[in-house]
Number of protein chains: 2
Amino acid sequence: MPVKKQPKDADTVLQPTEEAKTKGTPGAEETRTRILDAAQCLFAAQGFDATPTKAIAEQAGVPNGLIFYYFPTKKALLETLIAERNMLPAIQAIVHLPVRSDVHATLVTLGKNYLKVVKQHEELSRIMLREFRSHEDIATNFKTLREEQLRLIAHYMEEAMRVGGIQPVKDVQVMARVFLYNLIFAGLVDSLSNTPRFIEDMVDLLLCGIARDE
Amino acid sequence: MPVKKQPKDADTVLQPTEEAKTKGTPGAEETRTRILDAAQCLFAAQGFDATPTKAIAEQAGVPNGLIFYYFPTKKALLETLIAERNMLPAIQAIVHLPVRSDVHATLVTLGKNYLKVVKQHEELSRIMLREFRSHEDIATNFKTLREEQLRLIAHYMEEAMRVGGIQPVKDVQVMARVFLYNLIFAGLVDSLSNTPRFIEDMVDLLLCGIARDE
DNA sequence: GTCTATATGATGATAGAC
DNA sequence: GTCTATCATCATATAGAC
């Protein structure tokens, strides 16, 4: 059975195989990662069902059979991707940045950073958006992720407006939701509106034109 | 070769087969429709690649081989679905409704009607959202559809605010886009926020709290 | 137009040598 | 851990009887 770990950070490897220690041999961990990388890339581009394990093996540079040494089934490969490569930590990092007194600028920065994170996790996000109807666990993960993001963003917005001295016109929850949904859709579907301009316009709209260029 | 028509409205059938005229025999057109219905249902639930033609045939109550009498390939079946069952006419009907002097109420009605149309075309919309990355023609169709909807909604909003005597804070284009993207996402992904309350809150936010209960 | 039987190829997964 | 060869299954699509 393969070593199943949650390598959040690299370098936290438990027992780097003897060969990997001494020579340039790939090592089990790197092979596993290469398979995951290839699967992520292909699942995102063609979808889970349209991607043969053979294609994954080819892109990873390993024989087909080796995939099933590291993952019991093709589906487990998908589930591992979703479980191990979570974008939530990156979002948390963003909302821990300090807010400035300029609310508009703060929210625009938040939007740009958020879109940056989505782009960095684009393949995984696309996979989730595409497969969450077929796979219960992905649906759950996706939903939880959205709720967590909503919570974090709403909290950040609240803080930003408190510091900026702005009385929100409406519940911040609604603002956060409109903000989040638009950025997800803009980032994952309508790549054309993926411009800084769109974010500024949206924040402008959310803030009702006030607090601009404070 | 099968009769390829674009039955926008029913009853526009060209030559109802003799049997269909006289007896209760299904008739070619109905068989074709049943296959399309089954495909639509299954593609939406499991995805195109995960749906065998055999499953479509079973759900339609026809033998597997008959599918390929009406459609040359499985992919053609998908393309026919997208081409023949377009939701744009329904959207056009919505934005031809008269605007009232109460802008808030007008936009809330627009939102509710839009969500209703999306729900009526839910299966097709889900298919588009899921498959547009793999099929060029679906991507094009999807994009065009979004742009058309954006145009229609922006125009309708402009009219609503002109009649309501409200000076829009920002470009109506931005408002329309935020409105549309949120409703698509709410309707197709986050079914929980698919509530009248969400629409009202969103319109409230878009209108900056003004024009409420005029 | 409808149905049965089947060709042909690809797929996920396994066995076992190294 | 890595690799080759292969199994069993199921997929799309076709041929041809009715």
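How each quantity is defined
Residues numbered from 1 in each chain as written. Chains lettered and ligands numbered in written order. Predicted model: local features only at pLDDT ≥ 70, side-chain atom pairs only at ≥ 80, totals over all residues. Heavy atoms only, no water. Helix = DSSP H or I, 4+ residues; strand = E, 2+ residues; numbered from the N terminus. Near = heavy atom within 4 Å. Polar contact = N/O pair within 3.5 Å; in protein donor to acceptor, adjacent residues only side chain to side chain. Nonpolar A, V, L, I, M, F, W, Y, C, P; charged D, E, K, R; others polar. Expected span 1.5 Å × (residues − 1). Buried < 20%, exposed > 50% of the residue type's maximum accessible area, 1.4 Å probe, protein only. Least-squares fit on C-alpha atoms with pLDDT ≥ 70 in both. Contact = heavy atoms within 4.5 Å. Axes fitted to C-alpha atoms, helices over the stretch in contact; angles between N-to-C directions. Parallel < 35°, antiparallel > 145°, perpendicular 65-115°, else oblique. Left-handed = near helix turned anticlockwise from the far one by under 90°. Phe/Tyr/Trp six-rings, centres within 6.5 Å; stacked < 30°, edge-to-face > 60°.

1. A word on the overall build of chain A
Within chain A, the secondary structure is distributed over 11 helices and zero strands. Element order for chain A, N to C, with α for helix and β for strand: α-α-α-α-α-α-α-α-α-α-α.

2. Re the protein's contact with DNA strand C
For DNA strand C, the set of nearby residues contains 15 residues, the closest of which are Thr53(A), Lys74(A), Ala28(B), Pro63(B) and Tyr70(B). Backbone atoms, meaning sugar and phosphate, make up 72% of the atoms of DNA strand C lying within 4 Å of the protein. Taking Thr51(A), its main chain carries an N or O atom lying 3.4 Å from a phosphate oxygen of DNA strand C. Here a phosphate oxygen of DNA strand C sits 2.7 Å away from a polar atom, N or O, in the main chain of Lys74(A). Of all the elements in the fold, those that place two or more residues in the surface near DNA strand C are α4 (64-70) of chain A together with α2 (28-46) and α4 (64-70) of chain B. Grouping the constituent residues of the surface near DNA strand C by class yields eight nonpolar, six polar and one charged.

3. A word on helix α10 (residues 172-188) of chain B
With 17 residues, α10(B) extends 24 Å between its outermost C-alpha atoms, agreeing within 8% with the 24 Å of an ideal straight helix rising 1.5 Å per residue. Of all the 17 residues making up α10(B), 15 are buried; the element is thus mostly covered by neighbouring parts of the structure.

4. Some thoughts on the protein's contact with DNA strand D
With respect to spatial proximity, 15 residues lie near DNA strand D, and among them Ala28(A), Pro63(A), Tyr70(A), Thr53(B) and Lys74(B) are the closest. For DNA strand D, the backbone portion of the atoms within 4 Å of the protein, that is sugar and phosphate, comes to 70%. Taking Thr31(A), its side chain carries an N or O atom lying 3.1 Å from a phosphate oxygen of DNA strand D. Contact distances for DNA strand D include 2.7 Å between a phosphate oxygen and a backbone N or O atom of Thr53(B). Elements represented by at least two residues in the surface near DNA strand D include exactly α2 (28-46) and α4 of chain A together with α4 of chain B. Residues of the surface near DNA strand D, tallied by class, amount to eight nonpolar, six polar and one charged.

5. Thoughts on the relation of the copies chain B and chain A
Placing chain B over chain A gives an RMSD of 0.0 Å and needs a rotation angle of 180°, together with 0.0 Å of translation along the axis. Expressed as a symmetry operation, the mapping of one chain copy onto the other fits a two-fold axis. A shared binding surface is used by both copies, with 100% of the interface residues of chain B retained as interface residues in chain A.

6. What about the environment of Ala44(A)?
Residue and element names in this part refer to chain A. If you trace the backbone, Ala44 turns up in helix α2. Classification of Ala44 as buried rests on a relative accessible area of 7%. With 87 residues separating them along the chain, Ala44 and Glu131 place their C-alpha atoms 9.8 Å apart. With residues up to four places along the chain from it excluded, the contact list for Ala44 reads Glu123, Arg126 and Ile127.

7. Considerations on the packing of helix α9 (residues 136-164) of chain A against helix α10 (residues 172-188) of chain A
Residues and elements named next belong to chain A. Between α9 and α10, the shortest axis-to-axis distance is 8 Å and the interhelical angle comes to 125°. Here α10 runs oblique to α9, going by the angle between their axes. Considering how the two elements wind past one another, α9 and α10 form a crossing that is right-handed. Of α10, the residues touching α9 (which contributes Arg146, Gln149, Leu150, Ile153, Ala154, Met157, Glu158 and Met161) are Val172, Gln173, Met175, Ala176, Arg177, Phe179, Leu180 and Ile184. In terms of residue class, the contact of α9 with α10 is built from 11 nonpolar, two polar and three charged.

8. Here's the deal with the packing of aromatic side chains
A full pass over the atoms with the stated rule returns 10 aromatic pairs over all chains. Between Phe185(A) and Tyr181(B), the aromatic rings sit 4.5 Å apart at their centres with planes inclined by 40°, giving tilted as the arrangement. Within this pair, whereas Phe185(A) is found in helix α10, its partner Tyr181(B) is found in helix α10, the two belonging to separate chains. Looking at Phe185(A), the relative accessible area reads 2%, which means it is buried. You can call Tyr181(B) buried: its relative accessible area is 1%.

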